[in-house]
Amino acid sequence: MTQDVLDSVLITVGSNAILLAVLGFLCRSIINHLLTKDINSYKAELAVQNTRLQVSYGGIFEKQANAIIEIYASLLELELGGQSLREAKQWNAYRDQIRGVVNQYHQLRVLLPEELDKKVLETLTSSHNILTQSTDGHTPAEFTKNFEKAKDEALKEMRKLLSVEANSFVS
């Protein structure tokens, strides 16, 4: 009888252990499946959000690059205009040109980083100084050089932002 009880206990413990092992394996498999499913759906959601951010930031960076290029083109026009002030008619046209560039600058400055914003403003101030100093039909070379220096400083900052090597261009 003791042997029968011992066999019965061993069979019961063994079968319970096997049953628990099978249940543990099934629970682990179900939990792994649910976690993998959640992780994969989370990865897919992150990939969608990442793509949206890349598209939206790409648009902002493109707008910023276009703003920088437009402002630089306007600064070049101001530089050329400031070098050829000889008559009152030209003086008035240059004043109007400065106003146009300043208006453009104020519309686009939201896209400019603070450091570039300051440098562009310094350049525009230099162009205004050329205007005020050339009322006698002669532009002092010092003001033209100050403008060129301010423009070149703005250009360096623009190249940094656009990831263009400063050494790859001849100034």
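Residues numbered from 1 in each chain as written. Predicted model: local features only at pLDDT ≥ 70, side-chain atom pairs only at ≥ 80, totals over all residues. Heavy atoms only, no water.

Quick word on the overall build of the chain
Inference 1: Check the secondary structure of the chain and you find four helices and zero strands.
Inference 2: In the chain, the succession of α and β elements from N to C terminus is α-α-α-α.
Inference 3: When contacts within the chain are restricted to residue pairs at least 6 apart in sequence, those whose partners lie at least 24 apart make up 70%.
Inference 4: About 12,100 Å² of surface is accessible on the chain, with carbon and sulfur atoms providing 60% of the total. (Helix = DSSP H or I, 4+ residues; strand = E, 2+ residues; numbered from the N terminus. Contact = heavy atoms within 4.5 Å. Areas by Shrake-Rupley, 256 points an atom, 1.4 Å probe, with all protein chains shown as cover.)

Quick notes on the side chain of Ser126
Inference 1: The topology assignment puts Ser126 in helix 3 (residues 114-133).
Inference 2: By relative accessible area, which is 11% here, Ser126 ends up buried.
Inference 3: With residues near it in sequence (within four places) discarded, Ser126 still touches Asn146, Phe147 and Ala150. (Buried < 20%, exposed > 50% of the residue type's maximum accessible area, 1.4 Å probe, protein only.)

Some words on the nonpolar core
A general feature of soluble globular proteins is that nonpolar side chains tend to end up buried together.
Inference 1: Residues Ile71, Leu78, Leu116, Val120, Leu124 and Met158 are the most contacted members of the largest nonpolar core, which totals 22 residues.
Inference 2: The set of elements that each furnish at least two residues to this core consists of helix 1 (2-83), helix 2 (88-108), helix 3 and helix 4 (141-161).
Inference 3: The element that contributes the greatest number of residues to this core is helix 1, accounting for six residues.
Inference 4: Contacts of Leu124, omitting those with residues within four sequence positions, involve Leu75, Leu78, Val101, Val102 and Tyr105. (Core = buried A, V, L, I, M, F, W, Y, C linked by side-chain atoms within 4.5 Å.)

A word on helix 4
Inference 1: Helix length check: helix 4 (21 residues) gives 30 Å between terminal C-alpha atoms against 30 Å at 1.5 Å per residue, within 8%.
Inference 2: Taken residue by residue, helix 4 has Phe143, Thr144, Phe147, Ala150, Lys151, Ala154, Leu155, Glu157, Met158 and Arg159 as its buried positions.
Inference 3: Ser163 occupies a position one or two residues after helix 4 and carries a positive phi of about 60 degrees. (Expected span 1.5 Å × (residues − 1).)

Topic: a nonpolar patch on the surface
Inference 1: On the surface, Ile18, Leu19, Leu20, Val22, Leu23, Phe25 and Leu26 cluster together to form a nonpolar patch covering roughly 690 Å² of accessible area.
Inference 2: In this fold, Phe25 is placed in helix 1. (Patch = residues over 30% accessible without salt bridge, like charges linked within 9 Å, V, L, I, M, F, W, Y side chains within 5 Å. Salt bridge = Lys/Arg side-chain N within 4 Å of Asp/Glu carboxyl O.)

Some details on the pattern of salt bridges
Inference 1: As enumerated under the stated definition, the model contains 11 salt bridges in all.
Inference 2: Measuring nitrogen to oxygen at the nearest pair gives 3.6 Å for the salt bridge that ties Asp96 to Arg95.
Inference 3: Its salt-bridge partner being Asp96, residue Arg99 comes within 3.9 Å of it at the nearest N-O pair. Here Arg99 and its partner Asp96 are both found in helix 2, three residues apart, which amounts to about one turn of the helix.
Inference 4: Relative accessible area serves as the criterion here: at 42%, Asp96 is assigned to the partly exposed category.
Inference 5: Bridged by salt links that share partners, the residues Glu115, Lys119, Glu153, Lys156, Glu157 and Lys160 form one connected network.

So, the confidence of the model for the chain
Inference 1: Here the chain shows a mean pLDDT of 81. Residues at 70 or above account for 89%.
Inference 2: Considering each helix and strand of the chain separately, the mean pLDDT is smallest for helix 4, with a value of 81, and largest for helix 2, with 86.
Inference 3: Contacts of residues 166-171 to residues separated by more than four positions or lying in other chains number four contacts, the stretch itself having pLDDT below 50. (pLDDT = per-residue confidence, 0-100.)

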